[in-house]
Amino acid sequence: MVLLQVIINGLLLGGFYALIGIGFSLVWGVTNIINLAHGAIALLGAYLTYYLFVSIQLDPFLSIPLSFVSIFLFGYMLQRFVMNLVVKAQIFILLILTFGLEIFLVNFMTTFFSADFRSVTPSYAGESLVIGEIVIPYIRLAVFFVCVIFAIAMGLFLDKTWTGKAIKATSLDIEAAMMSGINPAKIYAITFGLGSAIAGVSGTLLTLTQAFSPSIAGGLTLRAFIVSILGGLGRIEGALLGGLILGVVETLSSYLIGESYKNAIAFGLMVLVLVLKPSGLMGRKYYAEVKH
Amino acid sequence: MALLDIKELSTGYGDLQILRNINIEIEKGEIVALLGSNGAGKTTLMRTIVGLNRIWKGDVFMDGQRLTNASSTKIVSSGVSIVPEGRRLFAGMTVTENLEMGAYCNRKNIKEKIERIFDFMPRLRERKNHLAGDLSGGEQQMCAIGRALMNEPKILLIDEFSLGLAPTIVDSLVEIVHRINQEGVSVFIVEQDVQLVLDMSVRAYVMEIGEITLSGASKDLMNDPKVKEAYLGM
């Protein structure tokens, strides 16, 4: 019974990992940018939610749209006016750029929002769904569903809209996309904006389930990285599966082996997937082939 | 003024100049060929017209509209479509999705346009739900032509028309190009098989190391001693 509880906890955590991974995987798959600042951008959403909660008591779930829109604009501008200037450079330059951005954002947040751990506790935080011996906090369940809804919406957006299809086309062959009249600079900016916006939303949801400070940015980026590799780049269903697996593996290994081993096991799993199926568990043919 | 008017165009990669003072005019409804050996700069010219290379000097006009270093959206919207070297289909998308992407700048009547292309090239209808990357070479070339037509272009650029295709497939593609042309679409075509392309076209330009060295009616070029010697092996 305890094991079942652990697995359910893992799945609920996995929903959050999936969401943070989707944005990372989308940006990587389409623009070839491994965005080391992804976790820090997610925390911008978390702090936005936190300050809206403490200043005007805005419910965190209601700040999701605000988080999405404002962090989208931040990501869009960042790509349009900074990243696009160097996007054709070698991958090393892009890594340094996003790493620099990470350092900047983390220090910015430490200076202005302090290094203290924060969390948001709305009035309904303690309520749980109890089935037999299984206890599921309503908040975690709601967070999980919001994550899944966002994942499905993203998938539909990519498959059904012109902009979504243009994003896919650009990721497959940027020159062929240009020859169809697509403006890749704009598509890159939209992609980075969307990736950031989803990170911002996952930051908002993070405030509800755990305490956060600027120092956890790197840990979030690492998890997004593992999720992307597990699922396969640029694939929403892949990130969803990768997130759930990572969540379950982390909680199970904490429970069975010990908390301190969970990172080692998560990375071991990533290496295993890279060795056995380098395109990820759900990697699709022709997508995310090596471009550098 | 000609439909596509290239004036004194120069371009290159990095510091290396590839094209020097290219002048080409293509009228409405013409099929024009571009000949030249490997490395002459034919593909570079095609890429430059559709905006993949920056123009250093000179101008490109389409229907009187200046397209020099314009955005790809503007160039495609002005009625220029390309069937690029190596087809460059979106390999991970289906045939239908590839055709749809061709209509990115011209989204009217997409269903009807796709049906017309399937009527044109029934082979594509059979394969419509297959990934473009899984098609055979000839089918890929058909899909690339179909994708370009979805834009309802005024001029169709075709780079390396028959490269790597079986002769029977080339024959049916030639037929398709003639039918497209009969609907009033101009065609500017790069092809290694000089005999074939001179038969298809009304006029031709010969390019050597980045310059146009000869031009004229295709039937005259076919009898030109220089062309005979350099390209027809006679």
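Here, the structure is the one placed above.
## Details of the overall build of chain A
Secondary structure summary: chain A contains eleven helices and two strands in total. Traced from its N-terminal end to its C-terminal end, chain A shows the element sequence α-α-α-α-β-β-α-α-α-α-α-α-α. For chain A, the C-alpha radius of gyration of 19 Å lies close to 19 Å, the compact-globule estimate for 292 residues. Viewed in the frame of its principal axes, chain A has a C-alpha envelope of about 60 × 45 × 35 Å. Across the 292 residues in chain A, those meeting the buried criterion constitute 50%. Taking the intrachain contacts of chain A between residues at least 6 apart in sequence as the baseline, contacts between residues at least 24 apart amount to 80%.

## As for the interface of chain A and chain B
With 19 residues of chain A at the contact, the number on the chain B side is 23 residues. Secondary-structure elements contributing two or more residues to the side of chain A that touches chain B are helix 6 (162-172) and helix 7 (174-179) of chain A. A total of six residues in the side of chain A that touches chain B trace back to one element, the largest contributor, which is helix 6 of chain A. A per-class count over the side of chain A that touches chain B returns ten nonpolar, three polar and six charged.

## What about the packing of helix 9 (residues 217-231) of chain A against helix 10 (residues 236-256) of chain A?
All names here are of chain A. At a closest axis distance of 7 Å, the pairing of helix 9 and helix 10 adopts a crossing angle of 120 degrees. With respect to their mutual orientation, helix 9 and helix 10 come out oblique. Handedness of the crossing formed by helix 9 with helix 10: right-handed. Counting all contacts with helix 9, which are made through Arg223, Ile226, Val227, Ser228, Leu230 and Gly231, the residues of helix 10 involved are Gly238, Ala239, Leu241, Gly242, Gly243, Ile245 and Leu246. Taken together, the residues of the contact of helix 9 with helix 10 sort by class into seven nonpolar, five polar and one charged.

## Quick notes on the nonpolar core
By size, the foremost hydrophobic cluster in this structure holds 163 residues, and its most contacted members are Ala18, Leu19 and Cys147 of chain A together with Leu157 and Ile189 of chain B. Counting the residues that make up this core, at least three belong to each of domain 1 (4-79 + 153-232) and domain 2 (90-147) of chain B. Once residues within four sequence positions are removed from consideration, Ile189 of chain B is found in contact with Ile31, Ala33, Leu34, Ile158, Phe161, Val197 and Ser201 of chain B.

## Describing the sheet that holds strand 5 (residues 65-66) of chain B
All names here are of chain B. A sheet is described by the order of its strands in space; here four strands give the open sequence 2-1-4-5, paired in antiparallel fashion. The strands lining the two open edges of the sheet, one partner per strand, are strand 2 (16-26) and strand 5. The sheet contact formed by strand 1 (residues 4-13) and strand 2 spans seven bridges and is antiparallel. Looking at the pairing, Gly12 lines up with Gln17 of strand 2. Strands in contact with helix 1 (residues 42-49) are strand 1, strand 2 and strand 4 (57-62); relative to strand 2, the strand with the most contacts, it is inclined by about 70 degrees.

## With respect to the pairing of strand 3 (residues 31-35) of chain B
Consecutive side chains of a regular strand alternate in pointing toward one face of the sheet and then the other. Residue and element names in this part refer to chain B. Within strand 3, five of the five residues are buried, which leaves the element mostly enclosed by the surrounding structure. Here strand 3 shows a buried face lined by Ile31, Ala33 and Leu35 and a second buried face lined by Val32 and Leu34. In this structure, strand 3 lies alongside strand 8 (residues 186-190), joined through four bridges in parallel fashion. Residue Val32 lies in a different strand from strand 8, and its bridge partner there is Phe188. Inspection of the sheet shows strand 3 paired to strand 9 (residues 203-208) by four bridges, in the parallel sense. Note on strand 9: the bridge partner recorded for Ala33 is Ala204.

## Re the pairing of strand 7 (residues 155-158) of chain B
Residues and elements named next belong to chain B. Of the two faces of strand 7, both are covered, the one formed by Ile155 and Leu157 as well as the one formed by Leu156 and Ile158. Across four bridges, strand 6 (residues 80-83) lies against strand 7 in parallel orientation. Its bridge partner being in strand 7, Val80 is matched across the sheet by Ile155. As defined by bridge partners, strand 7 adjoins strand 8 across four bridges and the pair is classed as parallel. The residue of strand 8 that forms the bridge with Ile158 is Ile189. Crossover handedness for the path strand 7 to helix 7 (residues 167-182) to strand 8: right-handed.

Reading the values: the criteria
The residue count restarts for each chain, going from 1 along the sequence in the order it is written. Each chain gets a letter, beginning with A, and each ligand a number, beginning with 1, in the order they are written. Totals for whole chains, interfaces and linings use all residues, but because this is a predicted model, local features are given only for residues with pLDDT of at least 70 and pairs of side-chain atoms are given and counted only at 80 or more. By the criteria applied, helices consist of DSSP H or I runs no shorter than four residues and strands consist of E runs no shorter than two, each listed in order from the N terminus. Note that the radius of gyration is over C-alpha atoms, with the globule rule given as 2.2 Å times the number of residues to the power 0.38. In this scheme every C-beta is placed from the backbone, and a residue whose C-beta has 20 or more other C-beta atoms within 10 Å is buried, one with 12 or fewer is exposed, and one in between is partly exposed. Two residues qualify as being in contact provided that their C-beta atoms, derived from the backbone, are within 7 Å of each other. Residues are grouped as follows: Ala, Val, Leu, Ile, Met, Phe, Trp, Tyr, Cys and Pro are nonpolar; Asp, Glu, Lys and Arg are charged; every other residue, Gly included, is polar. Fitted lines through C-alpha atoms give the axes, limited to the stretch in contact for helices. The angle between two N-to-C directions lies from 0 to 180 degrees. Note on angle classes: values under 35 degrees are labelled roughly parallel, values over 145 roughly antiparallel, values of 65 to 115 roughly perpendicular, and the remainder oblique. Put simply, a crossing is left-handed when the front helix is turned counterclockwise from the back one by less than a right angle, and right-handed when it is turned clockwise. Put simply, a nonpolar core is buried Ala, Val, Leu, Ile, Met, Phe, Trp, Tyr and Cys residues tied into one set by C-beta atoms within 7 Å. Domains are outlined according to an automatic or database domain assignment. Pairing between strands is defined by DSSP: at least two bridges between the two strands are required. Handedness of a crossover: with both strands directed away from the viewer, a clockwise path from the first strand across the helix to the second marks it as right-handed.

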